[in-house]
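Results of the structural survey
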Amino acid sequence: MSMPEAAATAEGQEPDGKIRSSSPRHIRVVGVLTEDEEAQGAFKTMDLNRVINLLEETDKDDLEEKQLNSVKKLVQCYQNGLPLRDLAQIFKILNLCAEKIENQPHFIESAFNILQLCGLPFLKKKVSDEITYAEDTANSIALLGELMKIPNSELRIQICYQQANSSYKIKMAEVSGLAKTMVESLTLLENQLVEKLWVLKALQHLSTSEVNCTLMLKAQAAKEICAHLNDPDPSGQLLFRSSEILWNLLEKSPKEETIQQLSNLECLLALKEVFKNLFMRGFSHYDRQLRNDILVITTIIAQNPGTPMIECGFTRDLILFATFTEVKSQNPLVKGLKLSNSYEDFELKKLLFNIIVILCKDLPTIQLLIDGKVILALFTYVKKPEKHKIMEWSAAQYEELQLHAIATLSSVAPFLTEEYMLCQGNARVLAFLEWCESEDSFFSHGNSFHGTGGRANKFAQMRYSLRLLRAMVYTEDETINNDLCEKGTIQQLIGVFKNTISKSNDKEEAIVLEIQSDILLILSGLCEHHIPRKEIFGTEGVDIILHVMKTDPTKLRTGLGYNVLLLSTLDSIWCCILGCYPLEDYFLEKEGIFLLLDLLALNQKKFCNLILGIMVEFCDNPKTTAHVNAWRGKKDQTAASLLIKLWRKEEKELGVKRDKHGMIIDTKKPLFTSFQEEQKIMPLPANCPTLAVMDVAENIRAKIYAVLGKLDFENLPGLSAEDFVTLCIIHRYLDFKIGEIWNEICEEIKLEKLRPVNTDKKILEAITTASENIGKMVASLQSEMIESQAHQDVQNEQKVYTKIQATHKQRELANKSWENFLARTSNAKTLKKAKRLQEKAIESSRYSKPPPNAIFHRTDIKGLNTTVPSGRVVTVESTPARLLGGPLADTDIALKKLPIRGGALQKVKAVKTVNELKKSVPT
């Protein structure tokens, strides 16, 4: 057995020349010798410099034999592996041997034996050897690639055989650029199949590294390998290994660069022939897998817009292969062909659907799609399952293909509207949608990507049918839209929406929300700019919109799709309600404006712009103003206050200069944002909008101005002083914006070095001065408002202080009165003094001479022993319940006596009065 045969046998090559796949040998990264192994001579050394000098000599007669013997001794010495420290010298010896092969063939065996040693683990004596000798190792491995240039088959095969999975060796291979050299060597092996297979096998292992893949791309590996995919190879290894390398290049190197290398006519022709051969003649499991891999690679390449798929005829063949089972063809390529329900053929069908979606983006492909009757083929799946019909696919497979076909139609049909109408697309889709809504028994598997959320129901089929309808409606083809409306699509979709509300549950919540969003978008597309269709939409349509608007705001943060549904709802208000006065009035009657303002108060930036746009349009209806002014939010916030608050928030985000009170700082540029400040004014063509004009569309300030303008800036309820300060700016928004535009005009004139005539110059100066004066006037008005508010605040504060002082004074008087009362009750002299003062005051208030016939009334009660001044009128406070005994106690006080021990009143014997006592005493 020769040296290459031995190597091939060790790797799995059979005697007939065929190579069978085998797993790579796992070799250690580097061998580390212990002291015992070193003592036993495992780490032998020899004088390598002497061997090098001997190989370099050329003038002796018996020199060749000595040189061969020295190399043989070297091989015997390092039979346990090559030390890292000697690697540079050993590879120098290898290079010297290789150079002698052409004139001295006996050195083939020497080079071969040294290469065999490279398959052993590299040895290190110290842990630091890997780092110390890293450069020498990388240079040595790089030499292996250079040796591929020597025209010797045995040597090349042995070099490719060095495929040990060593992380250290792979790292060194990356540093050395071995992968690039190996790719370059392929050009030397075009007619040498065995060597080429070995090189491809080596590249297959090297391409598992991202660094190596990048190096291979620099050597045009993708283009070189792909162009030779269809080269003759009885073993089949060339196609297998080449496809694996292409896969690794697409995954581990810059994808765009790889696709660019593959996007040429030569590569695509090779891919086309390989795919056709495998499609028509491949029947084994391996062939089908390889066929699918080639199709996936083709799909990735087809995404590049400049790929000549049509020129090479690949597009036509792919369309034929995708549709021949649904649309009968007499093309000899598919005559007698039939797909089985095996997993590989099932995947092939899905891959063909997928590549049609990619191909249709290239407009020249459209005619080929028409010729291939792609729309008709795809519509064969848009129908309800037929019972008792023999199918070539299983139920789960057919369901997945059905969903995939409808999804493909959503991408392809908008480009083929005429074909869509010829196939009665609208009627087919609406009939299928009606089946989706029906109660027919149907068990869906929901296993595929397209079937997500559709297990044991028809939601997946409904979702993709609605996506197809949405795609067709938004082509804005009036033929399609009129046909849909004539078939009652608007009423049918409203009915579907209502049914989804009643049928939905937590498990299918996300897919139901998507279905509802699509329904609203379709209705918006159909009704926009068409008043009769809006009337068909009617109050039932308004009711479903109001239903969505009443959704709990907390659900907007769940991520299930409520945000998308709400955006679709707002779009449908714009397209289906506005402009139709009966629907507008019904929307207002059902408190729709209140719901819009509630959504606006959530302060969700993605909704604000759309809601304000709707508000602007609704305010054209004279009934709207009353609803807007009547709305109240949290803390009794009014609509005007909410709009002004949004204005302040928007200006803060835009970086508009305002002081702490919200006043204008720069009267020349009162509305300037930070972005406008950063951007320099440049001369633009007349048809290009300037920064000032673009600012109107890019934020919500213009819409807030429009809404408040239609509400009238006067008599807005519920505004604070800060709101009024901001309202001054909003009121003059249009004047400020006009001034901005004139300032831009002046700046552009200066930049273009134009000199206007005196009349124009005076007019420009007058306009800019007037604009600045408006800014100063507004700033002055704001200052007056702030001063007035500050004065009002001082007055209010003074009132509060006065009230506090009165409260304290009253409290002091009450305390003083209490102290006097205590003094009278505890000190008799004080009581007498108080009595005298009281009597004196009473006497001083009487007439000095009483009028004649006047009746004198005493003001005090004689003999009364109380500690406070008393009169004939006594104030009795409410008697406590504990003394009365509650509402059921007997309270006949004239006949009862309060027990000394307390508690509820108790009934006792009647007490005799004083008169009765006198009568009972004997005289």
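So, here's what we can say about the structure. In this text the structure is predicted, and so the values were computed from the model without any measurement. (Residues numbered from 1 in each chain as written. Predicted model: local features only at pLDDT ≥ 70, side-chain atom pairs only at ≥ 80, totals over all residues. Heavy atoms only, no water.)

1. Considering the side chain of N304
Among the secondary structure elements, N304 is positioned in the loop between α18 (285-302) and α19 (314-323). The exposure class assigned to N304 is buried, which follows from its relative accessible area of 16%. (Helix = DSSP H or I, 4+ residues; strand = E, 2+ residues; numbered from the N terminus. Buried < 20%, exposed > 50% of the residue type's maximum accessible area, 1.4 Å probe, protein only.)

2. With respect to the pattern of salt bridges
As enumerated under the stated definition, the model contains 28 salt bridges in all. For E651, the salt bridge identified is with R701, shortest N-O distance 3.3 Å. Of this pair, E651 sits in helix α36 (residues 639-654) while R701 sits in helix α39 (residues 701-711); the two residues are 50 residues apart in sequence, bridging distant segments of the chain. The class of E651 is buried, set by a relative accessible area of 5%. Linked by salt bridges that have partners in common, E651, R658, D695, R701, K737 and E740 make up one network. (Salt bridge = Lys/Arg side-chain N within 4 Å of Asp/Glu carboxyl O.)

3. Looking at the packing of aromatic side chains
Counted by the stated rule, this structure contains 16 aromatic pairs. Plain terms: the ring middles of Y705 and F713 are 6.1 Å apart, the flat faces sit at 35 degrees to each other, and that makes the pair tilted. Judged by relative accessible area, which is 13%, F713 ranks as buried. Members of the aromatic cluster, connected to one another through ring pairs, are F275, F279, F314, F321 and F324. (Phe/Tyr/Trp six-rings, centres within 6.5 Å; stacked < 30°, edge-to-face > 60°.)

4. Observations regarding helix α20 (residues 343-359)
With 17 residues, α20 extends 24 Å between its outermost C-alpha atoms, agreeing within 8% with the 24 Å of an ideal straight helix rising 1.5 Å per residue. Across the 17 residues of α20, 15 count as buried, placing the element largely inside the fold. (Expected span 1.5 Å × (residues − 1).)

5. Side note on the nonpolar core
In globular proteins that are soluble, nonpolar side chains generally tend to be buried together. One finds I93, F537, I573, L596 and L708 to be the most contacted residues of the largest nonpolar core, which totals 228 residues. In terms of residue count, the dominant contributor to this core is helix α29 (residues 509-527) (10 residues). With residues near it in sequence (within four places) discarded, L596 still touches M549, L570, I573, F587, I611, I614 and M615. (Core = buried A, V, L, I, M, F, W, Y, C linked by side-chain atoms within 4.5 Å. Contact = heavy atoms within 4.5 Å.)

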